[in-house]
Amino acid sequence: KKHWFPLSESDTTSGSDDILNAGAITRFNTLGTAWLNGFTDASGNQWLPTVFSRTKSQIKTNPTTVVAPTITAVALNKRLGSMKHRKVLSDY
């Protein structure tokens, strides 16, 4: 999962639905496509997003075995969530 924050009120639908509007969906889909394409640094190395498997990889001793398949698709969840550890505590 990849969490993006913060969002403005103008990125959500009106009312209390907490769902991304059409403009925000378009921007996030553009961002997801760019993220999937990766980037190339000044040395010519191509960087692509991967998922590192902690259970299938062996990284404690040499020789290491790293299992990290490349991400091939992005799915956008239009419903907003909340991250409890990012909420500001009440101040009385």
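Everything here concerns the structure above.
For clarity, every value in this text was computed on a predicted model and none was experimentally measured. (Residues numbered from 1 in each chain as written. Predicted model: local features only at pLDDT ≥ 70, side-chain atom pairs only at ≥ 80, totals over all residues. Heavy atoms only, no water.)

Undergrad: Whenever I open this one, unusual backbone geometry confuses me. Can you help?
TA: Trans peptide bonds make up the majority, and among non-glycine residues the majority have a negative phi. The step from N62 to P63 runs through a cis peptide bond, and the omega angle for that step is -5°. Looking at the element boundaries, P63 is found in the segment after β2 (46-47). (Helix = DSSP H or I, 4+ residues; strand = E, 2+ residues; numbered from the N terminus.)

Undergrad: Explain the pattern of salt bridges here, please?
TA: For side chains bearing opposite charge, pairing can occur when the charged atoms are close. Counting across every chain of the model gives one salt bridge. Between R27 and D11 there is a salt bridge, with its nearest N and O atoms 2.3 Å apart. Of the two residues, R27 sits in helix α1 (residues 22-37) while D11 sits in the segment before α1, which places them 16 residues apart along the sequence. For D11, a relative accessible area of 11% gives the class buried. (Salt bridge = Lys/Arg side-chain N within 4 Å of Asp/Glu carboxyl O. Buried < 20%, exposed > 50% of the residue type's maximum accessible area, 1.4 Å probe, protein only.)

Undergrad: Explain a nonpolar patch on the surface here, please?
TA: Taken together, the side chains of F52, I59 and V66 make up a nonpolar region of the molecular surface, amounting to roughly 290 Å² of accessible area. By the element assignment, F52 lies in the segment after β2. (Patch = residues over 30% accessible without salt bridge, like charges linked within 9 Å, V, L, I, M, F, W, Y side chains within 5 Å. Areas by Shrake-Rupley, 256 points an atom, 1.4 Å probe, with all protein chains shown as cover.)

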